[in-house]
Amino acid sequence: MAELQDFDLVKEFIAGSEQAFNKIVLKYQNKIYWHARRLLGNHMDADEVTQEVLIVLYNKLHTFNFQSSLFTWIFRIVSTRSLNHLRKGKIKKVLFLDDDDNEKGFKNNEDIVRDLENREKLDKLDKVLDKLALKQKEVFILRNFDGLSYEEISQITGRSVGGLKANYFHAIKKVTEMMNEKER
Amino acid sequence: MKRNDDILRYLSDFMSEKERLEFEKELSFSEELRNQVAEKKSILENMNAIADIKEDSPYFQNLLPRVRAKVEKKKSVMWVPRWAYLLVSSTAVILIVVNISRFGTGNENSAKKSVQEKQSEPTYIEYSLNNDNVVKSDIDLVNTDNTDKVNFEIGISQLSNTNKESLKELSKYQRIMWNIDNNSVAYNSGY
C-alpha cells in the first residue's frame with residue numbers, strides 16, 4: 001500500500017507536480033537524516049548529505065524505474081553518499097592532518113539534539129558505532145535500527161546476502177562485547 | 001566462546017539450515033542457552049532504545065524550504081553539459097586545421113603578396129645611351145600614358161606593355177631632342 005502511494009507520488013512528480021515532491025520529502029526526510037547521522041556520527045555532515053540526497057532526488061526521480069521500492073532507492077542514495085562523505089573525510093584527515101577531537105567538537109556545536117538525556121544517548125551510540133568497520137556499521141544500522149531484511153539491505157548496498165550476514169555477525173559480536181564492558 | 005559465537009550466528013541468521021535446526025533443538029532443552037540468547041537479544045534491543053532519539057529543533061521544518069531554495073538556485077544557473085566543452089574545443093581545432101590547409105601559413109601568403117606587389121609597382125625606367133653609363137633624365141612626360149616621370153634604362157627586360165609603349169614614345173622624343181642639339185651645335189660651330 002505504502003509502495004503504491006510512493007509510486008503514485010513519483011508519477012505525479014514526473015508529470016510536473018511539485019507538491020508530490022514535497023510529500024515525498026516530508027515522508028522520508030527523517031529517515032534520510034537519521035540514517036546519514038548514524039553513519040556519519042555528527043550533525044553537520046548528516047545535514048550536508050541529507051540536503052545532497054534531496055537535491056539528487058529532485059533531479060533524478062524521473063529515472064526511477066519502479067522495479068524496487070522508493071524507500072530502498074532513496075536509502076541506496078543515502079548510503080552511497082554517506083560512505084563517499086566518510087571516505088573523503090578520511091582522505092582529508094590524512095592530507096591535512098586534522099585533529100579528530102577538535103573537528104568533532106566543532107561539528108557537534110550545532111546540533112538538532114539539545115536535550116541532555118538524548119545527547120547522552122547519542123554520544124553512547126556514536127561511540128559504539130564508531131568502533132565498527134564501515135560495512136559492519138552500515139548493515140547493523142539498516143538491520144537493527146531501520147528493521148530491514150537482508151534482501152532489502154542487499155538491494156540498497158549491492159552486496160550479497162551471505163556477505164551481509166557475515167558483516168552483521170561481526171558487528172553484533174563487537175557491539176555486545178562493548179556493551180558488556182560498559183556494564184562491568 | 002564457541003557458545004557465544006553460536007548464539008550470535010543464530011541471531012544473525014548466519015547458520016546453515018542443519019546448524020540452525022540443531023541449535024533450536026538445543027535451545028528447547030537448555031534453559032541456560034535460552035537465557036544467554038535472551039541476554040544478547042536484550043543488548044541489541046537496548047541499542048535500539050539508545051538509537052531512538054528525538055530531535056528538539058525545527059530542523060525538519062526548515063529542511064524542505066532550504067532544499068527548495070538550493071534547487072531553484074541550481075535551476076537559475078545555466079547548466080553546460082560536459083560534451084559541450086568537447087564540441088567547442090574540437091570545432092576550434094577543426095577550424096584551425098581547415099584554415100591552415102586552405103590558406104597556408106603566413107609566410108607563403110607574404111611571399112605570394114610580395115610577388116604580386118612587385119608586379120603592380122610602377123616601373124621606374126632609367127635611360128642611358130650606354131649600358132654602363134646610366135643617365136637619369138628628368139624629362140617631363142606629361143603627355144605620356146601613365147607616368148609623370150620616367151627613368152629609362154636600356155636593357156630592362158621586365159616591362160609592361162604600357163611601359164613599352166611609353167619607351168617607344170620616349171625614344172622618339174629623345175631622337176628629336178638629339179637632332180635639335182646636334183643641329184644647334186653644328187649651327188654654333190659654323191657647320
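Please refer to the structure placed before this passage.
About the cut-offs
- Residues numbered from 1 in each chain as written.
- Chains lettered and ligands numbered in written order.
- Predicted model: local features only at pLDDT ≥ 70, side-chain atom pairs only at ≥ 80, totals over all residues.
- Heavy atoms only, no water.
- Axes fitted to C-alpha atoms, helices over the stretch in contact; angles between N-to-C directions.
- Helix = DSSP H or I, 4+ residues; strand = E, 2+ residues; numbered from the N terminus.
- Left-handed = near helix turned anticlockwise from the far one by under 90°.
- Contact = heavy atoms within 4.5 Å.
- Nonpolar A, V, L, I, M, F, W, Y, C, P; charged D, E, K, R; others polar.
- Salt bridge = Lys/Arg side-chain N within 4 Å of Asp/Glu carboxyl O.
- Buried < 20%, exposed > 50% of the residue type's maximum accessible area, 1.4 Å probe, protein only.
- Core = buried A, V, L, I, M, F, W, Y, C linked by side-chain atoms within 4.5 Å.
- Phe/Tyr/Trp six-rings, centres within 6.5 Å; stacked < 30°, edge-to-face > 60°.
- Buried area = accessible area lost by both parts, 1.4 Å probe.
- Polar contact = N/O pair within 3.5 Å; in protein donor to acceptor, adjacent residues only side chain to side chain.
- Patch = residues over 30% accessible without salt bridge, like charges linked within 9 Å, V, L, I, M, F, W, Y side chains within 5 Å.
- Areas by Shrake-Rupley, 256 points an atom, 1.4 Å probe, with all protein chains shown as cover.
- Lys, Arg positive; Asp, Glu negative; His and termini not counted.
- Charge placed at Lys NZ, Arg CZ, Asp CG, Glu CD.

Draft legend 1. Main features of the packing of helix α2 (residues 18-40) of chain A against helix α3 (residues 43-60) of chain A. Residues and elements named next belong to chain A. α3 packs onto α2 with a crossing angle of 145° between their chain directions and a minimal axis gap of 9 Å. When you trace α2 past α3, the crossing you get is right-handed. For the pair formed by α2 and α3, the contact residues are Glu18, Phe21, Ile24, Val25, Ile32, Tyr33, Ala36, Arg37 and Leu40 on the first element and His43, Asp45, Ala46, Asp47, Val49, Thr50, Val53, Leu54, Leu57 and Tyr58 on the second. Residues that form the contact of α2 with α3 fall into these classes: 13 nonpolar, 2 polar and 4 charged.

Draft legend 2. The pattern of salt bridges, seen in detail. Following the criterion strictly, the structure yields 16 salt bridges over all chains and no others. Note that Arg68(B) and Glu18(A) form a salt bridge whose closest N and O atoms lie 2.4 Å from each other. Within this pair, whereas Arg68(B) is found in helix α4 (residues 59-76), its partner Glu18(A) is found in helix α2, the two belonging to separate chains. Relative accessible area serves as the criterion here: at 32%, Glu18(A) is assigned to the partly exposed category. With a closest N to O distance of 3.6 Å, Lys165(A) and Asp13(B) form a salt bridge. Within this pair, whereas Lys165(A) is found in helix α9 (residues 161-183), its partner Asp13(B) is found in the loop between α1 (2-11) and α2 (17-29), the two belonging to separate chains. Residue class for Asp13(B) comes out partly exposed when judged on its relative accessible area of 33%. Within this structure, Arg37(A), Asp111(A) and Arg119(A) form a network of salt bridges that share partners.

Draft legend 3. Spotlight on the nonpolar core. If you look at the biggest cluster of nonpolar residues, it comprises 78 residues, and the most contacted ones within it are Ile24(A), Leu57(A), Leu70(A), Ile74(A), Phe140(A) and Met47(B). Element by element, the count of residues in this core is highest for α2(A), at 11 residues. What Leu70(A) contacts, discounting residues up to four positions off in sequence, is Asp6(A), Phe7(A), Val10(A), Ile24(A), Tyr28(A), Leu61(A) and Phe64(A).

Draft legend 4. Structural context of the packing of aromatic side chains. For the structure shown, the criterion picks out 18 aromatic pairs over all chains. With a centroid separation of 5.5 Å and an interplanar angle of 80°, the aromatic rings of Phe140(A) and Phe145(A) are classed as edge-to-face.

Draft legend 5. Molecular detail of unusual backbone geometry. Phi at Phe66(A) takes a positive value of approximately 60°, unusual for a residue other than glycine. As for its placement among the helices and strands, Phe66(A) is situated in the loop between α3 and α4 (70-96). Phe66(A) gets classed as partly exposed once you look at its relative accessible area, which sits at 28%. Not every positive phi belongs to a glycine, and Asp13(B) is a case in point at roughly 60°.

Draft legend 6. How the structure looks around the interface of chain A and chain B. Listed as interface residues are 43 residues of chain A and, on the opposing side, 35 residues of chain B. The junction of chain A with chain B conceals about 3,800 Å² of combined surface from both sides, 63% of it contributed by carbon and sulfur atoms. Inspection of the chain A/chain B interface yields 4 salt bridges. On inspection of chain A and its partner chain B, the count reaches 14 residue pairs in polar contact (both at pLDDT 80 or more). Going through the elements one at a time, α2, α3, α6 (116-130), α7 (134-145) and α9 of chain A are the ones with two or more residues in the side of chain A that touches chain B.

Draft legend 7. Focus on a negative patch on the surface. Residues Asp115(A), Glu117(A), Glu120(A), Asp123(A) and Asp56(B) make up a contiguous surface patch of negative charge. Looking at the secondary structure, you find Asp123(A) in helix α6.

Distances and angles like these do not, on their own, reveal function.
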